[in-house]
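Here is how the chains run, residue by residue.
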Amino acid sequence: AQEMESYRQSMMDSQMAGPDGFPVFNLFVRTELKNMWYPCGSFKGDEKSAALAQNYVDDGLLSSISKNQLDAGVGGSLARDESRLEETIIRGYPQLRKEKGKLEYGYKLSYP
């Protein structure tokens, strides 16, 4: 039971921005039916994404441009490894196998 709790806590920690101030992008996937989002991983941003996230959070004059740049960055990261990511997702969610090649991606930004 302690091992499961430790695992759960480490999963929760990996989805939250850490003390370094870098944002975490929690990835989700859904089918064309758009009825449910499935969590499919997360990755940590860098200095550039932290600056963009800060501008977006502050709702500054250029916040929409920052949001577009964050979207483009996440999209570019996904595109580089999309086929491998899709295989991993389908292994985790076999019910999505029929939707291979038609999955839609989204993310939730975790930023201090």
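Residues numbered from 1 in each chain as written. Predicted model: local features only at pLDDT ≥ 70, side-chain atom pairs only at ≥ 80, totals over all residues. Heavy atoms only, no water.

Q: Explanation requested: the environment of Asn55 in the structure shown.
A: Relative to the elements of secondary structure, Asn55 occurs in helix α2 (residues 47–57). Judged by its relative accessible area of 24%, Asn55 is partly exposed. When the C-alpha positions of Asn55 and Ile65 are compared, they lie 9.3 Å apart, and in sequence the two are 10 residues distant. Filtering out sequence-adjacent residues up to four positions away, Asn55 remains in contact with Gly60, Leu62, Ser63 and Ser66. (Helix = DSSP H or I, 4+ residues; strand = E, 2+ residues; numbered from the N terminus. Buried < 20%, exposed > 50% of the residue type's maximum accessible area, 1.4 Å probe, protein only. Contact = heavy atoms within 4.5 Å.)

Q: Whenever I open this one, the packing of aromatic side chains confuses me. Can you help?
A: The description of two aromatic rings rests on the distance between their centres and on the angle between their planes. In total, this model carries three aromatic pairs according to the counting rule given. Note on Phe25 and Tyr107: the rings are 5.5 Å apart at their centroids and 65° apart in plane angle, and the pair reads as edge-to-face. Of the two residues, Phe25 sits in strand β1 (residues 24–30) while Tyr107 sits in strand β3 (residues 104–110), which places them 82 residues apart along the sequence. Owing to a relative accessible area of 23%, Tyr107 belongs among the partly exposed residues under this scheme. Aromatic rings pair up to connect Phe25, Phe43 and Tyr107 into one cluster. (Phe/Tyr/Trp six-rings, centres within 6.5 Å; stacked < 30°, edge-to-face > 60°.)

Just geometry here; none of it tells us what the structure is for.
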